[in-house]
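Structural overview
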Amino acid sequence: MAADFFLLLLPKLFFAVASIVLLVTNMMRVRKGAAIAADKYKVESPEDFGGKEKRITNNTVLSSSKRVFVLCLALRMANSLLVQTYFNPDEHWQALEVAHRLTFGYGHLTWEWKKGIRSYLHPMLFALLYKVLSVSRLDSPWVMMKAPRLLQSIFSAFGDLYFYKLCKVLFGDQIAQWALFAQLTNWFMLYCITRTLSNSLETVLTLVGLYYWPCIRTSDKIPLASRKWGLVAAALACAIRPTSAITWIYVGLLELLLTRERLKFIFLEVAPIGVVVLGLAFLLDRLMYGSWILVPFNFLKFNFLSSGGDYYGTHKWHWYFTQGFPVMVFTFLPFAISGILLSKQWKLSGLVAWVLAFYSLLGHKEFRFVLPVLPITLMFSGYSLAMISGLDLSNGKQKRSAKNHSKCFSKIQLTVFFLLATNIPMAYYMSMVHQRGTEDAMNYLAKEALYGKVKNILFLTPCHATPYYSTLHHNLPMRFLDCSPSETNGTPDESDQFMMDPAGFASAFAKSWSLPSHIVLFDSQERLLKDFLILHSFEERRRFFHAHFKVDRDLQASVVVYALTERLTSPSLTKQLT
């Protein structure tokens, strides 16, 4: 009941946080002659976070790093609670499922873990969270479902903080505020950044790392010691997701070109920090795999050298430029382009172009792969929005132009309204409506299992279409259709065979199955399996809305849970049928 009551409060919480954002934008708009941060080029070390900042001349919400962090944390935590849809299987199967197995002793490891192309570093974060929940006996189905995204929301808030700080040292205080507005209201950031994907944490580490790299700044007055923190963040990002090296190769080469102490940079910073961080990740994988596994090499070998990712679909080379990335930036796109041209920050815009171009060389493309450069693009949107608000940079200083203040006031109001009216509904629909059926079905089964009503589950869906043990949180026999890459090209996997002929596959499968108590399937296959389900004495138990339109297959409008009829649930009859 408490959980249901809290869920009823979530929309109000969402609008409360949205009101805070609107308040912040209003404060940014009406501020006149606000003082620029004391030292534009000051770099704060991690130990300085929360300390007093020098020469704070105002008392607004964004007047200190601590206040910025609290604002971002409040929004991201609400954001995480409002994400109730299914986006990508890796969120569950490559992070939470592995963490659940490490902590509770049961959970499915996909073929990637058998091939050694995934590092345990990322799942270990959630395994520690699960351990705390287990010890404190808080591992109820609702908490198990919400806690991992809440943890990621804390990481995301740190990413927002460093995004703000980076923009502040590059462009100044007022542009940083507009950039933060873009970061906190972009639909794709709201949709994705609090999910437990490795790409989400990679994005956070990218923002932290860029803040500490001198080559990204505009001044020579940056202590080189800060570069070491940037290297640590870069090494962690590469350990968690080896393709992050695409970003850091660009930044590292730029630093090598601009620094005066190249040998010191290579041999006294890059080499030792890289060896220590990656070496510790290597030892962790050795401990978890039980043998020496070089995960980055295996990962790059599969995805780059052998084009193994193409097994899961390919796109045209220009997809990121013409479809993928524009959809992510959405209505901020024209402002981002304008900001790039006005700011002339070619190093950062070059990084975005480099990442998009490099990923375009790969056949398999996904939105989440280029998530780390989305905040950089939104930073340029913030620059453009600041110009629209009447900020005058003609003297090299930030001030508002009194001459056109009234005109700019009206223009920025319309612009903010347009951006909120396009991004917030999109974020709401994608986070609360589109493809929520699979999560709702597993949440329902988790509650039923808690009361002993579920004995065995069969998923007659495309593989990895639902969460698994990390959501069910009960050690019950479950079976899904495998889709591991075949050693022989052109050989369809179980999932493909089922999608080609659902009735024929199910009939053949039933000859050797262990009779399940529940079957989960989409309505598009349910229509073809009605006779099969009736023949084996299954009846519809619950139906959950899933989507209004198709994504990459036929329309999967709803997810249906079937259960054995009551007269067949006794152990003796079940044994006779199997």
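Cut-offs used in this document
- The numbers attached to residues start from 1 for each chain and follow its sequence in the written order.
- Totals for whole chains, interfaces and linings use all residues, but because this is a predicted model, local features are given only for residues with pLDDT of at least 70 and pairs of side-chain atoms are given and counted only at 80 or more.
- Values shown for side chains rest on all heavy atoms present in the structure; no hydrogens or waters enter the calculation.
- The disulfide criterion is simple: two cysteine sulfur atoms within 2.5 Å.
- Elements are defined by DSSP. Helices are runs of H or I of four residues or more, strands are runs of E of two residues or more, and each kind is numbered from the N terminus.
- When a residue's accessible area, from a 1.4 Å probe over protein chains only, is under 20% of the maximum for its type it is buried; when over 50% it is exposed; and in between it is partly exposed.
- UniProt positions are given in the numbering used here, feature names are shortened, and annotations may be inferred rather than shown by experiment.
- Expected span of a helix: the number of residues minus one, times 1.5 Å.
- Any two residues whose heavy atoms approach within 4.5 Å are treated as being in contact.
- Whether two aromatic rings pair depends on their centres lying within 6.5 Å, for rings of Phe, Tyr and Trp, where Trp uses its six-membered ring; planes under 30 degrees apart make the pair stacked, over 60 edge-to-face, and the rest tilted.
- Interaxial angles span 0 to 180 degrees and are taken between N-to-C directions of axes, which are lines fitted to C-alpha atoms, for helices over the stretch in contact.
- Left-handed is the label given to a crossing in which the near helix is rotated counterclockwise from the far helix by less than a right angle, and right-handed is the label when the rotation is clockwise.
- Nonpolar residues are Ala, Val, Leu, Ile, Met, Phe, Trp, Tyr, Cys and Pro. Charged residues are Asp, Glu, Lys and Arg, and all others, Gly as well, are polar.
- Strand pairing follows a simple DSSP-based rule, namely that at least 2 bridges must link the two strands.

**A look at the state of the cysteines**
Taken as a whole and assessed by the stated rule, the structure comprises one disulfide. What pairs with C463 in a disulfide is C483, and their sulfur atoms sit 1.8 Å apart. Disulfide C463 to C483: torsion about the S-S bond roughly 80°, handedness right-handed. You can see C463 sitting in the loop between β3 (457–460) and α20 (469–472) and its partner C483 sitting in the loop between β4 (478–480) and α21 (494–500), a full 20 residues away along the chain. Each member of the pair, C463 as well as C483, carries the same accessibility label: buried.

**Quick notes on the UniProt feature "transmembrane region" (unreviewed entry) in the protein**
Those residues carrying the UniProt feature "transmembrane region" (unreviewed entry) are residues 6–24, 188–213, 233–253, 265–284, 317–337, 346–363, 369–391 and 412–430 in this numbering. Across residues 346–363, helical content stands at 83% and strand content at 0%; the span's end C-alpha atoms are separated by 28 Å.

**Some points on helix α16 (residues 346–360)**
Each α-helix winds once per 3.6 residues, and so residues spaced three or four apart point in a common direction. In a regular helix each residue adds 1.5 Å, so 15 residues correspond to 21 Å; α16 covers 20 Å between its end C-alpha atoms and thus fits that length. Taken residue by residue, α16 has L348, S349, G350, L351, V352, V355, L356, Y359 and S360 as its buried positions. In this structure, the buried side of α16 is in contact with α6 (141–171), α9 (198–212), α11 (245–258), α14 (319–329), α15 (333–343) and α17 (374–388).

**Some remarks on the environment of S244**
Tracing the sequence through the fold places S244 in the loop between α10 (226–240) and α11. Note: C-alpha distance between S244 and P372 (128 residues apart in sequence) is 8.7 Å. What S244 contacts, discounting residues up to four positions off in sequence, is E202, A237 and C238.

**Section: unusual backbone geometry**
Of note, K344 is a non-glycine position whose phi angle comes to about 60°, a positive value. Checked against the element boundaries, K344 lands in the loop between α15 and α16. For K344, a relative accessible area of 55% corresponds to the exposed category. In this model, S537 sits at a positive phi of 65°, which is unusual for a non-glycine residue. Relative to the elements of secondary structure, S537 occurs in the loop between α24 (530–535) and β6 (538–545). Residue S537 is classed as buried on the basis of its relative accessible area of 15%.

**Section: the packing of aromatic side chains**
The relation between two aromatic rings is expressed through the spacing of the ring centres and the mutual angle of the planes. Evaluated as defined, the whole model comprises 39 aromatic pairs. Taking 4.9 Å as the distance between ring centres and 80° as the angle between the ring planes, the aromatic pair formed by Y211 and Y212 counts as edge-to-face. Take Y211 and Y212: they sit in the same class, and that class is buried. With a centroid separation of 6.4 Å and an interplanar angle of 35°, the aromatic rings of Y250 and W354 are classed as tilted. Within this pair, whereas Y250 is found in helix α11, its partner W354 is found in helix α16, the two being separated by 104 residues in sequence.

**Some points on the packing of helix α2 (residues 65–82) against α6**
As a packed pair, α2 and α6 sit with axes 8 Å apart at the nearest point and diverge in direction by 145°. Classified by chirality, the crossing of α6 by α2 is right-handed. In this structure, α2 contributes S65, V68, F69, C72, L73, R76, M77, S80 and L81 to the contact, and α6 contributes K146, R149, L150, S153, I154, S156, A157, F158, D160, L161, Y164 and K165. In terms of residue class, the contact of α2 with α6 is made up of 12 nonpolar, four polar and five charged.

**Some remarks on the pairing of β3**
Each regular strand carries side chains that alternate between the two faces of the sheet. Covered by surrounding structure in β3 are I457 and F459 together with L458 and L460, the residues of both alternating faces. Across three bridges, β3 lies against β4 in parallel orientation. From the neighbouring strand, L458 faces β4, where its bridge partner is R479. Sheet analysis places β3 next to strand β5 (residues 518–522), joined by four bridges and oriented parallel. Within β5, the position partnered with F459 by the bridge is V520.

**What to know about the sheet that holds β5**
With respect to topology, five strands assemble into an open sheet ordered β4-β3-β5-β7-β6, the strand pairing being mixed. Edge positions in the sheet fall to β4 and β6, since each of these pairs with one other strand and no more. Shown here is a sheet whose adjacent strand axes are inclined to one another by a mean of 20°, direction ignored. Of the strands in this sheet, β3, β5, β6 and β7 (558–564) are in contact with helix α19 (residues 437–450), which crosses β6 at around 130°.

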